Amino acid sequence: MNSALRSLTCSLPRLASRSTSTTFTRPFTLSHIRMSAPSVPVPTDFNADLYSPLAQADPEIQALIDRETYRQFRGLELIASENLTSLAVMEANGSMFTNKYSEGLPGARYYGGNEVVDELEVLCQNRALAAFHLDGAEWGVNVQPYSGSTANFAAFTALIQPQDRIMGLGLADGGHLTHGAFTPKRNISASSIYFQSLPYQVDPATGLIDYDALEKNANLFKPRILICGASAYPRDFDYARLRKIADLNGSYLMMDMAHISGLVAAQVQNDPFKYCDVVCTTTHKTLRGPRAGLIFFNKTKESDIEKRINDAVFPACQGGPHNNTIAAVAVALKQVNTQAFRDYAAQIIANTKTIAKVLSSHDYKLQTDGSDNHLVLWDLRPLGLSGSKIEKICDLAHITLNKNSVPGDKSAMVPGGVRVGTNALTSRSMKEPEMEVVAEFLHRAVQIALQAQEESGSKKLVDFVKTVTEGEGASRKALQQLSHDVNTFAEKFPLPGVPDSASIKRVEA
Ligand SMILES: Cc1ncc(COP(=O)(O)O)c(C=O)c1O
């Protein structure tokens with residue numbers, strides 16, 4: 001680190017607790033606004049384009065945005081890692097903050113002109129602590145990570161050295177790529193390229209994390225970091241047990257709560273902050289903000305942890321913070337700390353349970369036989385169908401979900417299941433009765449897939465797709481009807497960010 005940077009980062013202010021106002025925080029009053037000055041004329045020179053609205057400046061991109069808006073409106077979004085954020089978040093994300101460079105931290109920046117950005121970042125930090133009910137004397141947060149993946153890598157960089165050992169839930173068992181994923185031939189993720197990784201697994205019989213096997217293997221492998229959190233795990237985590245295993249082996253316990261952070265904030269899932277040293281998250285899944293990441297760190301155990309985390313984010317892993325995104329994260333975090341958000345989070349779980357109940361009533365196999373969070377993992381192998389086929393059929397019917405490996409899959413290339421999440425539909429104000437309709441749509445999709453597989457006389461995906469898109473059989477007509485029913489149903493519900501659904505242009509490619 002160069003000396004200028006070192007002196008900057010050494011003089012970083014400690015993060016304020018949520019109850020303490022900081023030197024940067026000013027109450028917003030109208031007295032701060034200098035009222036109307038005459039307009040400066042818009043230039044007519046080489047800068048004229050800088051003032052055109054998008055539709056005029058770039059109709060091609062505007063048309064793609066219109067198509068995407070319509071796709072989201074008329075379809076059913078069931079991808080468990082997605083959500084539909086608010087108008088206010090999108091406004092902040094598209095704001096003037098996009099113009100500003102602010103490497104460093106509040107009060108200690110490389111560049112000038114950061115007095116407003118400093119206020120913004122401290123406000124965002126305080127809102128992040130408040131959203132997760134944290135005391136600023138115990139916990140700090142870095143709000144600059146560009147995404148969940150970079151947040152995780154920055155956390156590793158802060159905590160351990162290259163080639164140190166990490167343990168996370170295996171990819172095929174529901175873990176995330178960034179938790180050390182590798183294949184026999186390739187280290188897929190930077191987390192396995194730069195660190196030694198040993199996955200832990202779920203018990204194939206129950207689908208639940210096999211904590212006993214994890215304890216045994218951790219005892220041998222001695223990971224420097226034990227990672228919890230997942231991308232496709234329908235149950236909650238036993239943090240007390242994980243803490244015990246971490247302590248037995250001198251490991252840090254790091255939670256990546258990306259998927260469930262909205263549920264954690266709303267206190268409808270167990271609290272990782274009671275047990276973990278570091279907690280990372282994305283901000284765009286159940287938390288319903290813009291696309292970004294956060295790193296929370298417990299300040300009470302290691303006196304230099306705050307500086308290590310902050311230095312790992314910048315300059316080790318990132319450059320200038322995306323202040324427009326930080327503004328949008330702050331907006332989302334304010335929304336998180338409301339009763340409305342807690343109601344939404346509780347509804348997500350009620351909705352998932354309803355989908356699980358209806359699918360189970362049709363005798364489908366769900367991993368762990370149900371769900372405690374925002375997703376179900378649907379094992380299609382007993383039906384002789386692959387996840388890819390159901391993903392494809394659903395896509396053609398404007399239901400978006402993703403193929404997912406299920407524990408025991410022979411090949412990661414042919415996942416045997418699909419992941420179904422309820423975040424986005426809950427954000428469209430759908431509740432239990434609507435989930436029953438959605439689950440019946442999914443049931444129809446599977447029945448159509450079975451029929452198409454029979455009609456095509458082949459197990460290949462290309463033949464299958466040809467059958468449902470060009471074939472003469474009943475499956476093609478049934479799929480068309482399903483698609484029509486999905487559109488009619490979906491278009492009855494509001495789309496977050498669009499106050500007037502009549503303004504949505506019905507445009508297709
Ligand atoms: C558990 C978990 N961590 C991290 C990430 C990565 O987040 P991003 O796509 O923002 O890098 C994901 C993405 O789905 C995830 O599921």
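Computed from a predicted model, the values in this text were never measured in an experiment.

Thresholds, definitions, all that
- Residues numbered from 1 in each chain as written.
- Predicted model: local features only at pLDDT ≥ 70, side-chain atom pairs only at ≥ 80, totals over all residues.
- Near = placed C-beta within 6 Å.
- Helix = DSSP H or I, 4+ residues; strand = E, 2+ residues; numbered from the N terminus.
- Nonpolar A, V, L, I, M, F, W, Y, C, P; charged D, E, K, R; others polar.
- Pairing = 2+ DSSP bridges.
- Contact = placed C-beta atoms within 7 Å.
- Axes fitted to C-alpha atoms, helices over the stretch in contact; angles between N-to-C directions.
- pLDDT = per-residue confidence, 0-100.
- Expected span 1.5 Å × (residues − 1).
- Buried ≥ 20, exposed ≤ 12 C-beta atoms within 10 Å, placed from the backbone.
- UniProt positions renumbered as here; feature names shortened; annotations may be inferred.
- Parallel < 35°, antiparallel > 145°, perpendicular 65-115°, else oblique.
- Left-handed = near helix turned anticlockwise from the far one by under 90°.
- Core = buried A, V, L, I, M, F, W, Y, C linked by C-beta atoms within 7 Å.
- Domains from an automatic or database assignment.

On to the site of the ligand, then. Around the ligand, the surrounding shell holds 14 residues, and the nearest of these are Ser147, Gly148, Ser149, Ser231 and Ala258. No other element matches the three residues that helix 6 (residues 148-159) contributes to the shell around the ligand. A breakdown of the residues in the shell around the ligand according to their chemical character gives one nonpolar, 11 polar and two charged.

We now examine the sheet that holds strand 14 (residues 402-404). Spatially, the four strands line up as an open sheet ordered 11-12-15-14, and their pairing is antiparallel. The open sheet has two free edges, formed respectively by strand 11 (365-366) and strand 14, since each of these has just one partner strand. Note: strand 12 (residues 375-379) against strand 15 (residues 417-421), five bridges, orientation antiparallel. Bridge pairing in strand 15 links Asp379 to Gly417. Along the sheet, helix 13 (residues 339-361) contacts strand 11, strand 12 and strand 15; its crossing angle with strand 12, the most-contacted strand, is approximately 20 degrees. Across the sheet, helix 14 (residues 387-396) touches strand 14 and strand 15, and the angle it forms with strand 14 is around 170 degrees.

For the protein, per-residue confidence averages 93 on the pLDDT scale, and 93% of positions sit at 70 or higher. Under a pLDDT of 50 for its full length, residues 1-23 has, in the predicted model, 31 contacts with residues more than four places off or in other chains.

A word on helix 6. Look at helix 6: 17 Å from first C-alpha to last across 12 residues, which is about the 16 Å you get at 1.5 Å a residue. In terms of burial, helix 6 is a largely internal element, 11 of the 12 residues being buried. Here the buried face of helix 6 lies against helix 7 (190-193), strand 7 (225-228), strand 8 (252-256), strand 9 (278-282), strand 10 (293-298) and helix 11 (305-317).

Under the UniProt annotation, the feature "modified residue: N6-(pyridoxal phosphate)lysine" (unreviewed entry) is placed at Lys285. Along the chain, Lys285 falls in the loop between strand 9 and strand 10. Among residues more than four places away in sequence, those in contact with Lys285 are Ser81, Asn83, Ala258, His259, Ser261 and Asn423.

On to the UniProt feature "domain: Serine hydroxymethyltransferase-like" (unreviewed entry) in the protein. Summarizing the sequence annotation, UniProt attributes the feature "domain: Serine hydroxymethyltransferase-like" (unreviewed entry) to residues 54-441 in the numbering used throughout. The straight-line gap between the two end C-alpha atoms of residues 54-441 is 37 Å; of that span, 41% is helix and 13% is strand.

This part takes up the packing of helix 14 against helix 17 (residues 461-470). Relative orientation of the contacting elements helix 14 and helix 17 amounts to 25 degrees, with a least axis distance of 11 Å. Taken together, the axes of helix 14 and helix 17 are roughly parallel relative to one another. Here helix 14 runs over helix 17; the crossing is right-handed. In this structure, helix 14 contributes Ser388, Lys389, Lys392, Ile393 and Leu396 to the contact, and helix 17 contributes Leu461, Phe464, Val465 and Val468.

This paragraph deals with the nonpolar core. Inside soluble globular proteins, nonpolar side chains tend to come together where they are buried. By size, the foremost hydrophobic cluster in this structure holds 124 residues, and its most contacted members are Ala155, Met254, Val278, Ile295 and Ala445. Tallying contributions element by element places helix 16 (residues 432-456) first for this core, with 10 residues. Both domain 1 (98-336) and domain 2 (339-503) contribute no fewer than three residues apiece to this core.

Take the pairing of strand 15 next. Most of strand 15 sits inside the fold, with five of its five residues counted as buried. Side chains Gly417, Arg419 and Gly421 of strand 15 all project onto a buried face; the interleaved residues Val418 and Val420 project onto the opposite face, where all are buried too. Direction of pairing for strand 14 relative to strand 15: antiparallel, over a ladder of three bridges. Opposite Asn402, over in strand 15, you have Arg419 as the bridge partner.

Take the sheet that holds strand 6 (residues 196-197) next. Backbone-to-backbone hydrogen bonds pair the strands of a sheet. The strands run either parallel or antiparallel. One open sheet holds the seven strands; their spatial order is 4-10-9-8-7-5-6, and the pairing between them is mixed. One side of each edge strand has no neighbouring strand; the edge strands of this open sheet are strand 4 (139-142) and strand 6. One ladder, built from two bridges, connects strand 5 (residues 165-167) with strand 6; its direction is parallel. Residue pairing for strand 6: Arg165 is matched across the bridge by Gln196. Against the sheet, helix 6 touches strand 7, strand 8, strand 9 and strand 10, its axis set at about 160 degrees to strand 9.

Each neighbour pair has its own omega, and for Phe314 with Pro315 the value is 15 degrees, a cis peptide bond. Among the structural elements, Pro315 can be located in helix 11. Of note, the phi angle at Thr368 is positive, near 60 degrees, even though the residue is not glycine. In this structure, Thr368 sits in the loop between strand 11 and strand 12. Even without a glycine there, the phi angle at Asp369 is positive, about 60 degrees. Using a count of 12 C-beta atoms within 10 Å as the deciding quantity, one classes Asp369 as exposed.

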